[in-house]
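# Structural description and commentary
Residues per chain, in single letters:
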Amino acid sequence: MKMDRNGMYPQHPCRRCGAMLNADGYHASELYAGVGCYTGLCDACKNAPMTVVWTYRDGAVRLEYPPGGPSGRRNRQHYTAYPDCTQCKGEGYRWGSNVTGWPMRHYCEPCLRRWSGDPGRAWYERMRIRTLPDLVQARWTRALVAYRKAHRLPMGARIPDDAAAAMHAPMLAQYQRIQARLDRIARARGIIDDDGHLT
Ligand SMILES: [Zn+2]
Ligand SMILES: [Zn+2]
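Conventions we followed
Residues numbered from 1 in each chain as written. Chains lettered and ligands numbered in written order. Predicted model: local features only at pLDDT ≥ 70, side-chain atom pairs only at ≥ 80, totals over all residues. Helix = DSSP H or I, 4+ residues; strand = E, 2+ residues; numbered from the N terminus. Expected span 1.5 Å × (residues − 1). Buried ≥ 20, exposed ≤ 12 C-beta atoms within 10 Å, placed from the backbone. Domains from an automatic or database assignment. Axes fitted to C-alpha atoms, helices over the stretch in contact; angles between N-to-C directions. Parallel < 35°, antiparallel > 145°, perpendicular 65-115°, else oblique. Left-handed = near helix turned anticlockwise from the far one by under 90°. Contact = placed C-beta atoms within 7 Å. Nonpolar A, V, L, I, M, F, W, Y, C, P; charged D, E, K, R; others polar.

## Some remarks on helix α4 (residues 161–188)
With 28 residues, α4 should reach 40 Å at 1.5 Å per residue; the first-to-last C-alpha distance of 40 Å fits that figure. Taken from the residues just after α4, G190 is the one with a positive phi, measuring 75°.

## Brief notes about the environment of L172
Examined against the element boundaries, L172 turns out to sit in helix α4. Judged by local crowding, L172 falls into the exposed class, with 12 C-beta atoms found within 10 Å. As a C-alpha pair, L172 and Y147 span 25 residues in sequence and 17 Å in three-dimensional space.

## Focus on the domain arrangement of the chain
For the chain, the assigned domains read domain 1 (1–46), domain 2 (49–115) and domain 3 (117–188). Using C-alpha coordinates to define each centre, domain 2 is positioned 35 Å away from domain 3.

## Comments concerning the packing of helix α3 (residues 119–150) against α4
Taken N-terminus to C-terminus, the directions of α3 and α4 make an angle of 155°; their axes are 11 Å apart at the nearest point. With respect to α4, the axis of α3 lies roughly antiparallel. Of the two elements, α3 crosses α4, and the hand of that crossing is right-handed. Taken together, the residues of α4 that come into contact with α3 (itself represented by Y124, M127, R128, L132, V136, R139, W140, A143 and Y147) are A163, M167, M171, Y175, I178, Q179, L182 and A186. In terms of residue class, the contact of α3 with α4 is made up of 14 nonpolar, one polar and two charged.

Laid out in structure tokens, this is it:
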């Protein structure tokens, strides 16, 4: 989707209810492409009451709220909460302020800690976000060093694009195989579901 010279997207339907955005010409902000503004939602959907978008196996819920804090922001906000949390009363956030004093929601720390402290989730996220990418990065670095050695290229000299691409393709394929294996194990352990969502 391309914005025009005024930073506006062309008219298209709301991704939630299907109503045409800015249909009456009085809701230009629905199509305004500025940072933090465009969400693909009409004003009614943006301001819709809180909804539960996901329930986890340990009772935690993923909650979606209308935008909070400084006006102009259009993105709905997501918080994970435990209904029995005494700190946030199951809302997943507490009101505080940002650096300029604007009221804004802060994650409920006890809920966050409890959620990410689940051993299965912690293991899966660590593997996916840290261990696997680190492994691939280390292999890539080794491959580059080996190439330079074999072709007597000095450190820092540019490796031709086609040679880099030829080395990169099998590595990417291997990364995807390992990722798929990780997901299979996580699914078998009930940590993620068939769609890859954390459970
Ligand atoms: Zn809508
Ligand atoms: Zn809480």
